[in-house]
Amino acid sequence: MMKSSTSTLPAPSSLFDPLGVIGFSSIEAPLLAALATDSPLLLIGPHGAAKSLLLNKIAEALNLDFRHYNASLLNFDDLVGFPLPSSDGTLQYVKTPAAIWGAGAVIFDEISRCRPDIQNKLFPIIHERKVQGLPLVGLQYRWAAMNPPSKDEDDSGYLGSEPLDTALADRFPFVIDMPAWRMFTKEQQLAVIQSKDQAIEPVHAQRLVQAIARTKALLAQTSEALQYGMASYVQTMFALLSQAGIELSPRRCAMLYRSCLSVNAAALAIAPKASVTDTTLLALRSSLPQRALGIAISEVKLLSAHKEAMRLIQISPDDPLKAILCETDPVEKIRLAVAAHSLPKSEFSRVVADALSQLPLGSREAAIVHLFETGAVGRLNAAVASQAGDVYKDIAVAPQFSETIHATHGRYRTWNRVKSLLAGLNPKEARDHLQANTIATLFAQKKLATPEDAEAASNHFVQTDKALRFS
Amino acid sequence: MSGVDTSALLHNMSAPPKTLVKYNGLEGLTQQAGPGGSGVTGLKYTNPTVFGQAVRFVIPPAYFGQEPESILTLLQISHDSKFTSATEQLSALINQRAKKLPLPEGCAVIKTNGQEPEIWTDALSVLAILTKCTDTIWLRSKSPSLAGARNKRNVSLLVPPLFVQHLPKAPQ
């Protein structure tokens with residue numbers, strides 16, 4: 001958004017409104033956390049969302065010697081100056097006014113439009129404050145901004161804004177989505193529309209400096225108070241997000257942990273009664289690199305994982321529920337849940353229903369057989385148990401079906417594979433009968449579309465049955 | 001191994017005779033007619049093996065369709081003032097009985113063919129099953145549904161193999 005005249009605004013409750021950037025109170029805590037911890041910060045938003053303005057204003061308020069580079073136009077010489085051989089045989093750089101040497105903050109705008117070779121050269125600057133192996137003394141802040149990247153499957157992104165390299169994106173502890181215009185209040189929208197370019201008043205700049213100092217001071221306290229809970233939260237989130245198809249690197253987990261602590265400290269510095277639950281969700285949202293990679297994250301999955309992880313903070317580290325929920329293999333999850341007799345019925349039912357829904361054909365049937373054979377089905381609520389019973393009766397009790405099909409039909413080929421699979425089973429082995437019934441039932445229910453489906457279901461049954469019976 | 005076929009000797013007498021060993025496994029559970037000239041194929045699968053033991057529960061005729069008050073009367077149990085209603089009192093009795101039945105905590109409900117053994121024939125045991133069943137599952141922990149069971153005459157449960165040893169013998 002555009003600059004605003006601070007004199008037209010109400011009493012400043014936001015740190016950034018008085019700097020002339022309106023409507024960022026929702027991301028104030030992660031911004032402040034990034035500033036207090038000197039962490040690399042990446043802002044993502046559409047054009048005109050005031051990404052560059054925000055970073056420029058922060059640099060101005062903190063009185064930083066900063067360089068603003070447009071990464072899409074950047075040449076490496078612009079960054080380092082011109083290399084000249086010195087008398088001792090090493091290279092010295094002729095420092096131009098725009099070179100990065102001596103800067104307190106750098107802004108790489110349009111980083112997603114930058115050439116791959118330049119992106120590679122930005123990597124050590126962002127990651128370790130070095131260029132060409134030389135330390136950038138005095139460089140405190142590394143910031144970047146980009147438009148949402150374009151994706152092949154839709155046109156919601158910007159043409160030319162490419163997904164960031166995964167390794168580069170993973171070097172930004174804070175990846176923050178800019179608040180959308182529709183999220184602004186009417187007053188904020190009007191303030192943006194009527195804004196004027198004005199210098200930052202020292203009192204407002206000082207307010208930001210003090211907030212950063214308060215956050216730093218509070219960070220030690222919040223780290224002590226929240227360290228166990230946040231570590232547990234991140235550990236659980238890693239597993240839950242992985243189950244939801246959102247993969248995080250171990251490095252990102254460590255970053256997320258630190259972000260959770262620092263964003264909570266920042267939130268307390270802004271509002272002493274800030275909720276840990278809400279703030280941690282904000283920290284999570286501000287720490288996921290997927291947006292920079294052009295990968296959409298389901299809000300429902302994110303919220304449900306957050307809720308679950310927060311809930312698990314409260315429980316003892318020895319509680320089996322934690323191990324169960326952190327387990328990514330649904331078969332192992334069922335095995336652990338069946339073994340955990342102390343699990344309440346509601347939890348047990350939820351875990352089992354969730355795991356069964358993730359299992360492929362054949363595997364699901366074997367897991368249900370296990371639930372009945374161990375008596376664990378009696379620990380399920382009626383709805384989940386009924387569904388399991390519906391499957392089990394078809395496998396365990398003398399199933400039969402008959403059907404007439406044409407020999408040219410694809411189903412006939414599948415049937416022939418079913419027959420050949422049955423031919424490989426031992427009539428004297430009870431488990432083989434269960435396997436045969438499973439394949440035949442799935443075929444009768446038209447769940448096996450191809451011969452390969454039949455083979456896969458048969459293999460899944462055997463693997464899961466073995467995993468559950470012999471573990 | 002099954003289905004050993006001996007092939008005819010080859011014309012070349014210098015070659016050793018060949019025997020085709022064919023393993024049918026559980027293929028015998030399937031039957032197939034055709035495909036004939038029309039290309040139509042009849043497929044069939046039947047596995048008579050039952051995993052575990054089916055047990056049938058049949059409500060004694062006098063109890064069928066009765067209200068809780070009448071059932072208590074038939075059971076010769078007088079009203080207990082600690083219960084506010086006959087439904088509550090009968091439910092408590094059913095729960096007590098269900099706890100004592102040596103069945104797993106949950107059993108699949110299967111189609112009855114009338115041939116399964118009736119191990120328990122007393123009304124309270126049968127009610128402990130009928131009132132805690134859905135169409136597919138019996139759960140010991142389920143709250144008894146007396147209204148839901150009123151129109152059920154019988155139900156068959158499948159007791160998984162590991163639990164069969166705990167079942168008493170069916171009365172002759």
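Thresholds applied
Residues numbered from 1 in each chain as written. Chains lettered and ligands numbered in written order. Predicted model: local features only at pLDDT ≥ 70, side-chain atom pairs only at ≥ 80, totals over all residues. Heavy atoms only, no water. Helix = DSSP H or I, 4+ residues; strand = E, 2+ residues; numbered from the N terminus. Buried < 20%, exposed > 50% of the residue type's maximum accessible area, 1.4 Å probe, protein only. Areas by Shrake-Rupley, 256 points an atom, 1.4 Å probe, with all protein chains shown as cover. Polar contact = N/O pair within 3.5 Å; in protein donor to acceptor, adjacent residues only side chain to side chain. Contact = heavy atoms within 4.5 Å. Salt bridge = Lys/Arg side-chain N within 4 Å of Asp/Glu carboxyl O. Nonpolar A, V, L, I, M, F, W, Y, C, P; charged D, E, K, R; others polar. Pairing = 2+ DSSP bridges. 1 Å grid on protein atoms, 1.4 Å probe; cavity = no way out; pocket = protein on both sides within 12 Å on 5 of 7 lines; lining within 4 Å. Points joined across faces, edges and corners; volume = space filled by probe spheres on them. Phe/Tyr/Trp six-rings, centres within 6.5 Å; stacked < 30°, edge-to-face > 60°. Axes fitted to C-alpha atoms, helices over the stretch in contact; angles between N-to-C directions. pLDDT = per-residue confidence, 0-100.

Considering the overall build of chain B
Phase 1: Secondary structure summary: chain B contains five helices and eight strands in total.
Phase 2: Overall, chain B shows an N-to-C arrangement of helices and strands of β-β-β-β-β-α-α-β-α-β-α-β-α.
Phase 3: Here chain B, with 172 residues, has 38% of them falling under the buried criterion.
Phase 4: Carbon and sulfur atoms make up 54% of the accessible area of chain B, which amounts to about 9600 Å² in all.

Concerning the environment of B:D80
Residues and elements named next belong to chain B.
Phase 1: Topologically, D80 is positioned in the loop between helix 1 (68-74) and helix 2 (86-100).
Phase 2: Overall, the relative accessible area of 28% leaves D80 in the partly exposed class.
Phase 3: A polar contact is formed between the side chain of D80 and the backbone nitrogen of K82, at a distance of 3.0 Å.

Topic: the interface of chain A and chain B
Phase 1: The interface is formed by 47 residues belonging to chain A together with 40 residues belonging to chain B.
Phase 2: Summed over the shared surface of chain A and chain B, the result is zero salt bridges.
Phase 3: The interface formed by chain A and chain B holds four residue pairs in polar contact (both at pLDDT 80 or more) in total.
Phase 4: For the side of chain A that touches chain B, the element with the most residues is helix 15 (residues 382-396) of chain A, which contributes nine residues.
Phase 5: Of the residues in the side of chain A that touches chain B, the class split is 25 nonpolar, 15 polar and seven charged.

What about the pairing of strand 5 (residues 105-109) of chain A?
Residues and elements named next belong to chain A.
Phase 1: A large share of strand 5 lies buried, amounting to five of its five residues.
Phase 2: Burial of strand 5 is two-sided: the residues A105, I107 and D109 facing one way and the residues V106 and F108 facing the other way are all buried.
Phase 3: Sheet topology note: the strand 2 (residues 66-70)/strand 5 ladder contains five bridges and is parallel. By the bridge assignment, H68 is partnered in strand 5 with I107.
Phase 4: In the sheet, strand 5 pairs with strand 8 (residues 141-146) via four bridges, with the strands oriented parallel. Looking at the pairing, V106 lines up with R142 of strand 8.

Thoughts on empty space enclosed by the protein
All names here are of chain B.
Phase 1: Applying the stated rule across the entire model yields two cavities of 30 Å³ or more.
Phase 2: Of the volumes computed, that of the largest cavity is approximately 100 Å³.
Phase 3: Lining the largest cavity we find 14 residues, and of these Q66, I71, L127, A149 and R150 sit closest to its centre.
Phase 4: Contributing elements (two or more residues each) for the lining of the largest cavity: helix 1, helix 3 (123-130) and helix 4 (146-149).

Details of the packing of aromatic side chains
Phase 1: The final tally for this structure, using the stated rule, is six aromatic pairs over all chains.
Phase 2: Here the aromatic rings of A:Y141 and A:W143 are separated by 5.2 Å at their centres, their planes lie at 20°, and the arrangement is stacked.
Phase 3: Its relative accessible area of 3% is what places A:Y141 among the buried residues.
Phase 4: Relative accessible area serves as the criterion here: at 1%, A:W143 is assigned to the buried category.
Phase 5: Ring centres of B:F57 and B:W120 lie 5.8 Å apart, and the angle between their planes is 5°; on these two criteria the pair is classed as stacked.

Brief notes about the sheet that holds strand 7 (residues 137-139) of chain B
Phase 1: Pairing is antiparallel in the open sheet, where four strands are placed in the order 5-8-6-7 (chain B). Of all strands in the sheet, those with a lone pairing partner are strand 5 (53-58) and strand 7 of chain B, marking the two edges. When the angles between neighbouring strand axes are averaged without regard to direction, this sheet yields 35°.
Phase 2: Sheet topology note: the strand 5 of chain B/strand 8 (residues 154-159) of chain B ladder contains six bridges and is antiparallel. Bridge assignment links B:R56 to a residue of strand 8 of chain B, and that residue is B:S156.
Phase 3: Running over the sheet, helix 15 of chain A touches strand 6 (106-110), strand 7 and strand 8 of chain B and is turned about 130° from strand 7 of chain B.

Things to note about the confidence of the model for chain A
Residues and elements named next belong to chain A.
Phase 1: For chain A, the average pLDDT comes to 87, and 95% of its residues sit at 70 or higher.
Phase 2: For chain A, strand 4 (residues 91-94) is the element with the lowest average pLDDT, namely 75, and helix 14 (residues 363-373) is the one with the highest, namely 96.
Phase 3: Across residues 1-12 the pLDDT falls below 50, and counting only partners more than four positions away or on other chains, this stretch makes 40 contacts in the model.

Quick look at the confidence of the model for chain B
All names here are of chain B.
Phase 1: Per-chain confidence: chain B averages 81 in pLDDT, with 76% of residues scoring 70 or above.
Phase 2: Confidence over residues 16-23 falls short of pLDDT 50; this stretch has 16 contacts with residues more than four positions distant or in other chains.
Phase 3: Our summary of model confidence lists the complex with pTM equal to 0.65 and ipTM equal to 0.78.

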